[in-house]
Amino acid sequence: MTKQDILTDLDKINDLPTLPVAAFKFNQMVAEGTASMKEISIALGQDQAIVLKILKMANSAFFGLRKKVENLQHAVVILGINTVRNAVLSLSVVDCFKAGGKENTGDAMSLWKHSLAVAVTGQYLSQQTKVSTPDDCFVGGLLHDVGKLVLLQYFPQTMDSVRQAMAEKPASFLMAERELTNANHAVIGGALAKKWRLPEGLLGVIKNHHTMSSSSVDMDRLKVVHAANIIVNGYLGDYLGRKWPLSTHPSVEALMKKRLNTVDIWFPEIEPHIQEACSFFLEE
Ligand SMILES: [Fe+2]
Ligand SMILES: [Fe+2]
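**Re the overall build of the chain**
(1) Moving on: Within the chain, the regular secondary structure consists of 17 helices and 0 strands.
(2) Moving on: If you line up the chain on its principal axes, its C-alpha atoms span 55 × 45 × 40 Å.
(3) Moving on: In the chain, which comprises 284 residues, the proportion classed as buried is 43%.
(4) Moving on: Taking as baseline every contact in the chain between residues at least 6 positions apart, the subset at least 24 positions apart corresponds to 62%.

What follows is the structure, given as structure tokens:
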């Protein structure tokens, strides 16, 4: 059997999810760093649905702010432009996949739950270890497996074969997909992130969360998300609910040994936060 050339096929797909125009423009303006705060707020203000969600998020338990955030400019002042940018990316990516979702909605839901668990775990690890920044790690965790959503929505047969191979061997998702395609979900996610012109550090997390390539722009964030992913797979189980031993890249092991050794103690404590994030993002 020849391996499916997913990257070539991906290029031919015309209806790949796109970021909402306002979110895309906002992201570009922040990246270029030349626009004023007012100009940036006006750009995002073109999409009132996103603005409302940002305000809802800013006023939720998620950020735990004491003051009420009244408008977008206020949110930028209180939370900072990078946090708002991460929030915009998080909310718009979840939305654009939800809007285009046509296949296996149950599977998509379990992928989002996994991603949100990695996001919250990454945020916690970053807070505790002071490595990277918590909201960069949140968005990194949320999007690390975005390539799996592409597989699910655009290559459902491949996804089925991966699932079957995982159950038969048993193999991990990565092992199973390596046998079936020339790419893997990390490479596919990286290609999508490039199309969306996501920030380089975020692209590096998506593309390298399994390989831990040392050429990544934001190694600290990559290490945190890598650890969070392994912890979630070990604690909550993988795609098929199987639990895997906690085996992280050596550089990560050295960085957060204590957290890795005490996961049984702290993970149950953050589970309610994972639930909260799921209800917020997935509106359960
Ligand atoms: Fe992954
Ligand atoms: Fe993952």
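Text resumes after the structure shown.
**Brief notes about helix α7 (residues 105-129)**
(1) Moving on: The end-to-end C-alpha distance of α7 is 36 Å, a good match for the 36 Å that 25 residues give at a rise of 1.5 Å each.
(2) Moving on: Directly after α7, the chain includes Lys130, whose backbone phi takes a positive value near 60°.

**What to know about the domain arrangement of the chain**
(1) Moving on: For the chain, the assigned domains are domain 1 (18-100) and domain 2 (104-284).
(2) Moving on: Here the C-alpha centre of domain 2 lies 23 Å away from the C-alpha centre of domain 1.
(3) Moving on: If you look at the interface, domain 1 gives 16 residues, while domain 2 gives 18 residues.
(4) Moving on: Counting only elements with at least two residues in the side of domain 1 that touches domain 2, the list comes to α2 (21-32) and α6 (81-100).
(5) Moving on: The element that contributes the greatest number of residues to the side of domain 1 that touches domain 2 is α6, accounting for 8 residues.
(6) Moving on: Partitioned by chemical class, the residues of the side of domain 1 that touches domain 2 number 9 nonpolar, 7 polar and no charged.

**Some remarks on the packing of α7 against helix α8 (residues 134-143)**
(1) Moving on: Between α7 and α8, the shortest axis-to-axis distance is 7 Å and the interhelical angle comes to 155°. Taken together, the axes of α7 and α8 are roughly antiparallel relative to one another. Remark: the crossing between α7 and α8 carries right-handed chirality. Residues Ser115, Leu116, Val118, Ala119, Thr121, Gly122, Gln123, Leu125, Ser126 and Gln127 of α7 lie in contact with α8, whose contacting residues are Pro134, Asp135, Cys137, Phe138, Gly140, Gly141 and Leu142.
(2) Moving on: For the contact of α7 with α8, a count of residues per class yields 8 nonpolar, 8 polar and 1 charged.

**Considering the environment of Leu142**
(1) Moving on: Here Leu142 shows up in helix α8.
(2) Moving on: As a C-alpha pair, Leu142 and Leu222 span 80 residues in sequence and 13 Å in three-dimensional space.
(3) Moving on: Ignoring any residue separated from it by four or fewer positions in sequence, one finds Leu142 in contact with Ser90, Ser115, Leu116 and Ala119.

**Observations concerning the nonpolar core**
(1) Moving on: Counting residues in hydrophobic clusters, the biggest one holds 75 residues, and the most contacted among them are Ile54 and Val88.
(2) Moving on: Top element by residues in this core is α7. It accounts for 9 residues.
(3) Moving on: Excluding residues within four positions of it along the chain, Val88 makes contact with Ala23, Phe26, Leu44, Ile50 and Ile54.

**Thoughts on the environment of Ala117**
(1) Moving on: With respect to the helices and strands, Ala117 occurs in helix α7.
(2) Moving on: When the C-alpha positions of Ala117 and Ala22 are compared, they lie 27 Å apart, and in sequence the two are 95 residues distant.
(3) Moving on: Every residue in contact with Ala117, bar those within four places of it in the chain, is listed here: Val232, Leu236 and Ile274.

**Digging into the packing of helix α9 (residues 146-154) against helix α12 (residues 185-195)**
(1) Moving on: Orientation of α9 relative to α12, taken along the N-to-C sense of each, is 95°, at an axis distance of 7 Å. Classified by the angle their axes make, α9 and α12 are roughly perpendicular. Contacts between α9 and α12 involve Val146, Gly147, Lys148, Val150 and Leu151 from the former and His185, Ala186, Ile188, Gly189 and Leu192 from the latter.
(2) Moving on: Within the contact of α9 with α12, the residues separate by chemical class into 6 nonpolar, 3 polar and 1 charged.

**Things to note about the environment of Gln128**
(1) Moving on: Topologically, Gln128 is positioned in helix α7.
(2) Moving on: You can call Gln128 partly exposed: it has 13 C-beta atoms within 10 Å.
(3) Moving on: On a C-alpha basis, the gap between Gln128 and Arg259 in space is 8.4 Å, while along the polypeptide they are 131 residues apart.

**Focus on helix α5 (residues 72-79)**
(1) Moving on: All of the buried residues in α5 are Leu72, Ala75, Val76 and Leu79. Around the axis of α5, the buried residues are gathered within 100° of arc, so they sit on the same side.
(2) Moving on: Positive backbone phi, approximately 95°, marks Gly80, located one or two places after α5.

Calculation notes
- As a convention, each chain's residues are numbered from 1 in the sequence order in which they are written.
- Whichever chain is written first is A, and whichever ligand is written first is 1; the rest continue in order.
- pLDDT decides what is reported in this predicted model: residues at 70 or higher carry local features, side-chain atom pairs at 80 or more are listed and counted, and totals for whole chains, interfaces and linings draw on all residues regardless.
- Secondary structure follows DSSP: runs of H or I at least 4 residues long count as helices, runs of E at least 2 residues long count as strands, and numbering of each begins at the N terminus.
- Working definition of burial: number of other C-beta atoms within 10 Å of the residue's own, with buried at 20 or more, exposed at 12 or fewer, and partly exposed in between, all C-beta atoms being placed from the backbone.
- Contacts are defined on C-beta atoms placed from the backbone: any two residues whose C-beta positions lie within 7 Å are in contact.
- Multiplying 1.5 Å by the residue count of a helix minus one yields the expected span of that helix.
- Annotation comment: domain bounds sourced from an automatic or database domain assignment.
- Just so you know the grouping, Ala, Val, Leu, Ile, Met, Phe, Trp, Tyr, Cys and Pro go in nonpolar, Asp, Glu, Lys and Arg go in charged, and all remaining residues, Gly too, go in polar.
- For helices, the axis comes from a line fit to the C-alpha atoms of the stretch in contact; other axes are also lines fit to C-alpha atoms, and the angle between any two N-to-C directions lies between 0 and 180 degrees.
- Angles are sorted into four bins: roughly parallel if under 35 degrees, roughly antiparallel if over 145, roughly perpendicular if 65 to 115, and oblique for all others.
- Here is the rule for handedness: rotate from the far helix to the near one, and if that takes an anticlockwise turn smaller than a right angle the crossing is left-handed, while a clockwise turn gives right-handed.
- By definition, a nonpolar core groups buried Ala, Val, Leu, Ile, Met, Phe, Trp, Tyr and Cys residues that are joined through C-beta atoms within 7 Å.
- The arc in question is formed by the directions pointing from the helix axis toward the C-beta atoms.

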